[in-house]
Amino acid sequence: MGRRVRKRDRLKWSLLYTFACARATVTVDDDQASLSGTCYSRIVHCNQSQLHKKMDLFYAGNHISTTRYNVVTFLPKALFEQFRRVANIYFLLAAMLSLTPISPFTPMSMIAPLAFVVGLSMMKEALEDWKRFIQDMKVNRRRGNVHKGEGQFVNKHWQDICVGDVIKVEKDNFFPADLLLLSSSYEDGICYVETMNLDGETNLKIKRSLEVTLSLEDDEAFKDFTGTIKCEDPNPSLYTFVGNFEYERQMYLLDPSQILLRDSKLRNTSYIYGVVIFTGHDSKVMQNATDSPCKRSRIERKMDSIIYILFSLLVLISLVSSIGFAILTKYRMPNWWYLQPNITTSMYDPSRPAVSGVFHLVTALILYGYLIPISLYVSIEVVKVLQATFINQDVLMYDEEIGKPARARTSNLNEELGQVDTVLSDKTGTLTCNQMDFLKCSIAGISYGVRASEVEIAAAKQIASEASGTPEHQTGTHDPWEGNSPPYGSSDIELEQGITCMIEKMDKPSIKGFSFEDDRLMHGNWTKEPTASTILLFFRILALCHTAIPEENKEIGGFNYEAESPDEAAFLVAAREFGFEFCKRTQSSVFIREKYSHSEEPVEREFKILNLLEFNSKRKRMSVILRDENGQIVLLCKGADRLSKNGKMYESDTSKHLTEYGESGLRTLALGYRVLDEAEYSSWNNEFIKAKTTIGADREAQVDRVSDMMERELILVGATAVEDKLQKGVPQCIDKLAQAGLKIWVLTGDKIETAINIGFACSLLRQGMKQIHLSIANAELVTQDPNKGVRLHLMTDQAAKENLMMQITNAFQMIKLEKDPYAAFALIIDGKTLTYALEDDLKNQFLCLAVDCASVICCRVSPRQKALVTRLVKEGTGKVTLAIGDGANDVGMIQEADIGVGISGVEGMQAVMASDFSISQFRFLERLLVVHGHWCYKRIALMICYFFYKNIAFGLTIFFYEAYTGFSGQSVYDDWYMILFNVVLTSLPVITLGVFEQDVSSEVCLQFPALYQQGPRNLFFGWYRIIGWMFNGLYSSIIIHFLNIEIFRLGAFRAEGQIADMAAVGATMFTCIIWAVNVQISLIMSHFTWIQILFVCGSIVTWYLFLFIYGMSSPVISGNAFQILQEALGSAPTFWTVTLLVTAVCNIPYLLHISIQRTFYPLDHHVIQEIKYYKKDLEDSHMWKREKSKARQKTHIGFTARVDAKIRQIKGRIQRKVSSLPLHSV
């Protein structure tokens, strides 16, 4: 293959960026380059992957698996999961005992239902895991370019890539493994990487190769390439890497800036070459993953406790029955001549009553098994699958833009959706789409921009509504967000004077990143302003102070900007719209085209870049030093906060504007400049170069110190205000979840400033909220003593813990002493501090503080830390947690949470494949929880309670009759009655209860979010309610048995004088049970569909049809039930009278209970049902609005809380203004 020569990009960022410094080069014998200790023993032979096996270096393959089972483990693990259910264990034992002669039932009748239930559940698990396997295969079979030798690259599946292989990755492709960057399409060996799947950030990161490998610029250059890497063992740390690279008998130190991690994406770079270091499950992204857990809902676990209770009841009554049988066998059976006591067996032996009692105990345990219905699990599985189907087919959770619906990937956790207490959310791709809109600005103390933010519009509308006294909407279904965000227009909001809100919509094409509207600055009109020179400088700062790269858009003309942050992109778009278009960047210059009016031709100006001072969280500034066309050296700064005495001319007005912008939910940034003379700059530049070339741990601190020396004595120009573009509906969703009483935590890999701004944008934070920052940034060790390094490091850890404990204690004290009822606290913590906060001796205190705060934001956290925080909240609070994210970096917390929700966005499917539910946008979480969660929880809770009620009512009648007949082991019911009771006659009504029941409609659920709290408070499945239903079943069984026995015992059954036999009594009792339980389920239901009516009525009709057909069959089949309905029961008035009487008496207590509750102690949904039934929501809109306002949990977060705070502020301002007026004016 001939040598391929490719044109390489010419931009050398090492001369521009502050992170570039001299690379350390040492000889092979240099001790400092060696990696001692067992933790750093990995040896990688570059371009010689076959050597690893020969040298017994066995590294993991690049094949990955996220499945829960495999071919070998499926059967044992799936069986284990099934027999974790207590009822299944009981029925397994019962099935084994049914093989013995003492069983009252045939083996098939016990084994077949168990096999069906367990097999069905295992098939469902297998299907769900198969889907994960298919997705894994899609990833493993992606293709990449791998060097096979002689300078030739071939396509291989990802799963076939080995450690040591040289890989070529092209633009917009993912890295198939963890790589050492060797070279790129840029001459300087830099490349742009998007790490969204790792840390959630969409901002591009810049990686650079070692200078020694820059010559490896095309395929043929790797023909004879070899080298050796010695580095750390596989670990989950995304931000660290320790190793060295031996090449051409020289040793080069490696750091994280040369490492490209799996699942990152190459951006804005034509291609890179790299050598594989970690593969498959050794890669850092997979090291951060956790095993797929087997999750069970709290209701299901509680159901096990109920099974224990029922099993105890079963054992108790079986013991009573066996003891009673043993006593009667010993003392009474010899006198019962009709039982032929002389002919005995071990089960009926008066001489050995204890043995007979033991045998009878086993018989009773099987006979009374109807107390623990095996059909419960089958019914629940069916109901959950149907519930999941409704979730999947909900058109209101269908995203038309990408064509994806919501998906319930597992149906095991439907009811958990209605019990969530805390939501832990990723930021990037989940809450945000990382799009900023330039909305307002302040220049020379004058505020520009007439459009209002969403916060301002909502506050104005609400105040206007209150002032006019008109309802929000005549139908009571007003969405306060509707119309809040006009595409373009001007807003005139005069809140203090007349409280008016006027939004004029204009038909104007949308400009991404630019929503500014003010004719004073647009179309060159700024040149007419009295402060035109300052405005010119403001625009130039926007166009020049950045690190972006312009890319020409050949289709529509103009430029697209690849910026490190969405803020930068918005500033550049704004500068372009104002007439200052950034058009070109070279190694040493930036070019902008200035156009002051439409009639003028643009003038291209060149500015020489001298230095670039990058933004970081410590300085909170970003600056560029450049030389203009006149030769003047100027420093332009974004984040200007250190002003000179002469630079404070506009400080007062600008500060006021910044406050107003912040209150309106906008992200603000002050702009300033400073003119430098040659001598001052030359002296400072020498210090700066020295700091840049420093080698050691304090290099960044040195660069910050020198940068800080220059970024002072600034002259304030103005400030910007951009609106962070969240994903559609995110603020509304957070607001609704907050009103529903949910706590929301944000866990992000972003820097703290970005996270805080997002917090403000989605109303997790607001102006006036007191922020508690936990940070140990100053706890680092600065000693260089090599002999005391380890000891001092331990001391530093201890000091950091003590410092953090003190901060937590002080925060507790501050919250305790707060007297303002409207005060709210937000906890903000970074990843480094979180490392200490999650340790055993601090995590409980940290959690207590976090729970006391209205919102919690964790910044710069790794995927493993996300999982650990989720585990802490889950285990520490003991409440249901939900984690939601969209990237591979969120898999750990999604799997750790009680419920994992994946966002099926554009960046991979790792989060979705690890999730329990998937949605395409965060806003659908509102409906998933508040509507489907509420419904599913209540349906499952009512269904299980009713199931136990009906089986207790049925099962105890068997015990009572057996006791009534001398513990004979005789069942009053025909075998077919008992088989059909759960399988046919009462199965479908209870399934319809679990599938179709609605206490309120979906619209009402969203209008009354406080209804959701019924789930977290467990109102419908607490022990009080469970025991109440058990006693209801006990009461019904007593009434059904004893009322029937007494009525039939006292007189003739038919007109001819015949008394009732056991078959007639049993059929009548069973008829009473069928009627009683079906009337009971009808009383439970709040929402009737034709399906429910059909199945409830059909259950009763089916019983009569069965009894009719069964009675018509041969006496060989029907036995004592031959012609029972036609000849015995149908013509007997007593049968119909008893059925009506027993059914009424059984259900009177429930009717009394529900009547008293609705009248004197109504629940929230009872009140709403009454209002809707009498149509008061239409006739009395004020009352409906008042009830809706009550149905909000008190919260300090969310858009509503933010608007309330804004309203309090405006009303206070109006009150102060009125108070200041002279008395006669008032």
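Residues numbered from 1 in each chain as written. Predicted model: local features only at pLDDT ≥ 70, side-chain atom pairs only at ≥ 80, totals over all residues. Heavy atoms only, no water.

Undergrad: When you look at the packing of helix H25 (residues 975-985) against helix H29 (residues 1062-1084) in this model, what are you seeing that I'm missing?
TA: Think of two packed helices as two axes; the pair is described by the angle between the axes and how far apart they sit. Two elements in contact, H25 and H29, have axes separated by 12 Å at closest approach and are oriented at 15°. With respect to their mutual orientation, H25 and H29 come out roughly parallel. Between H25 and H29 the crossing geometry is right-handed. Facing H25, whose interface residues are Tyr977, Phe981 and Leu985, H29 presents Ala1067, Phe1070, Ile1073 and Ile1074. In terms of residue class, the contact of H25 with H29 is built from seven nonpolar, no polar and no charged. (Axes fitted to C-alpha atoms, helices over the stretch in contact; angles between N-to-C directions. Helix = DSSP H or I, 4+ residues; strand = E, 2+ residues; numbered from the N terminus. Parallel < 35°, antiparallel > 145°, perpendicular 65-115°, else oblique. Left-handed = near helix turned anticlockwise from the far one by under 90°. Contact = heavy atoms within 4.5 Å. Nonpolar A, V, L, I, M, F, W, Y, C, P; charged D, E, K, R; others polar.)

Undergrad: Whenever I open this one, the sheet that holds strand S31 (residues 770-774) confuses me. Can you help?
TA: Strand pairs in the sheet, formed through backbone hydrogen bonds, run parallel or antiparallel to each other. A sheet is described by the order of its strands in space; here nine strands give the open sequence S15-S36-S35-S34-S16-S30-S33-S32-S31, paired in mixed fashion. Because the sheet does not close on itself, it has two edges, and the strands there are strand S15 (407-408) and S31. Where strand S34 (residues 880-885) lies against strand S35 (residues 899-903), four bridges are found, and the strand directions are parallel. Within S35, the position partnered with alanine 883 by the bridge is glycine 900. Of the strands in this sheet, strand S16 (420-425), strand S30 (743-747) and S34 are in contact with helix H21 (residues 863-877), which crosses S30 at around 160°. (Pairing = 2+ DSSP bridges.)

Undergrad: Would you mind showing me how to read empty space enclosed by the protein here?
TA: Unoccupied space between atoms shows up once a probe the size of one water molecule is rolled over them. On inspection of all chains with the given rule, the structure shows five cavities of 30 Å³ or more. For the lining of the largest cavity, the secondary-structure elements that each account for two or more residues are helix H2 (74-82) and helix H4 (107-140). The dominant element in the lining of the largest cavity, judged by the number of residues it contributes, is H4, at three residues. One number sums up the size of the second largest cavity: a volume of about 80 Å³. (1 Å grid on protein atoms, 1.4 Å probe; cavity = no way out; pocket = protein on both sides within 12 Å on 5 of 7 lines; lining within 4 Å. Points joined across faces, edges and corners; volume = space filled by probe spheres on them.)

Undergrad: Explanation requested: helix H14 (residues 678-692) in the structure shown.
TA: Think of an α-helix as 3.6 residues a turn; residues three or four steps apart then line up on the same face. With 15 residues, H14 extends 21 Å from end C-alpha to end C-alpha; this agrees with the ideal 21 Å at 1.5 Å per step. Along H14, the residues that are buried comprise Tyr681, Trp684, Asn685, Phe688, Ala691 and Lys692. Considered in projection along H14, the buried side chains sweep an arc of 120° and stay on one side of the axis. Exposed residues pointing more than 90 degrees away from the buried face of H14 are listed as Ala679, Asn686 and Lys690. (Expected span 1.5 Å × (residues − 1). Buried < 20%, exposed > 50% of the residue type's maximum accessible area, 1.4 Å probe, protein only. Arc of directions from axis to C-beta.)

Undergrad: Help me understand the environment of glutamate 629, please; the structure alone is not making it clear to me.
TA: Topologically, glutamate 629 is positioned in the loop between strand S26 (622-627) and strand S27 (633-638). Considered as a pair, glutamate 629 and phenylalanine 607 are 22 residues apart in the sequence and their alpha carbons are 6.5 Å apart. If we ignore the near neighbours within four places in the chain, the residues touching glutamate 629 are Glu604, Arg605 and Glu606. Reaching out from glutamate 629, the side chain makes a polar contact with the backbone nitrogen of glutamate 606 at a distance of 3.4 Å. (Polar contact = N/O pair within 3.5 Å; in protein donor to acceptor, adjacent residues only side chain to side chain.)

Undergrad: Would you explain the nonpolar core in this entry?
TA: Note that soluble globular proteins tend to have their nonpolar side chains buried in a common cluster. Counting residues in hydrophobic clusters, the biggest one holds 106 residues, and the most contacted among them are Ile372, Phe954, Tyr973, Tyr977, Phe1021, Phe1070 and Trp1103. Per element, the largest residue contribution to this core is 18 residues, and it comes from helix H24 (residues 924-964). In contact with tryptophan 1103, not counting residues within four places along its chain, are Tyr977, Leu985, Ala1067, Phe1070, Thr1071 and Ile1074. (Core = buried A, V, L, I, M, F, W, Y, C linked by side-chain atoms within 4.5 Å.)

Undergrad: Could you clarify how one ought to interpret the packing of aromatic side chains in this entry?
TA: We describe a pair of aromatic rings using the distance from one ring centre to the other and the angle between the two ring planes. Applying the stated rule across the entire model yields 50 aromatic pairs. Ring geometry for phenylalanine 225 against tyrosine 247: centres 5.6 Å apart, planes inclined by 50°, an arrangement best described as tilted. Of this pair, phenylalanine 225 sits in the loop between strand S8 (204-208) and strand S9 (227-231) while tyrosine 247 sits in strand S10 (residues 243-247), and the two are 22 residues apart along the sequence. Both residues of the pair, phenylalanine 225 and tyrosine 247, count as buried. Seen from their ring centres, tryptophan 684 and phenylalanine 688 are 4.8 Å apart, and the 15° between their planes marks the pair as stacked. Note that tryptophan 684 and phenylalanine 688 are positioned in helix H14 at a spacing of four residues, about one turn of the helix. Side by side, tryptophan 684 and phenylalanine 688 carry an identical accessibility label, which is buried. Every member of this aromatic cluster is reached through a ring pair, and the members are Phe438, Phe514, Phe516, Trp526, Phe538, Phe539, Phe571, Phe578, Phe580 and Tyr596. (Phe/Tyr/Trp six-rings, centres within 6.5 Å; stacked < 30°, edge-to-face > 60°.)

Undergrad: Which parts of the structure should I look at to understand the UniProt feature "active site" (unreviewed entry) in the chain?
TA: In this numbering, the UniProt entry assigns the feature "active site" (unreviewed entry) to Asp426. On the secondary structure map, aspartate 426 appears in the loop between S16 and strand S17 (432-443). Look past the residues within four positions of aspartate 426 in its chain and what remains in contact with it is Leu431, Leu747, Thr748, Lys866, Ile884, Gly885, Asp886, Asn889, Asp890 and Met893. Within the local environment of aspartate 426, its side chain forms a polar contact with the side chain of lysine 866, the two groups lying 3.1 Å apart. (UniProt positions renumbered as here; feature names shortened; annotations may be inferred.)

Undergrad: I keep staring at the sheet that holds strand S14 (residues 271-278) and nothing clicks. Help me out?
TA: Reading across the sheet, the six strands line up as S4-S3-S5-S14-S6-S12 and stay open at both edges, with antiparallel pairing between neighbours. Either end of the sheet is taken by a strand with one partner, and the two such strands are strand S4 (152-157) and strand S12 (259-260). Relative to strand S5 (residues 166-170), strand S3 (residues 143-149) is paired through two bridges, and the arrangement is antiparallel. Bridge pairing in S5 links valine 146 to isoleucine 167.

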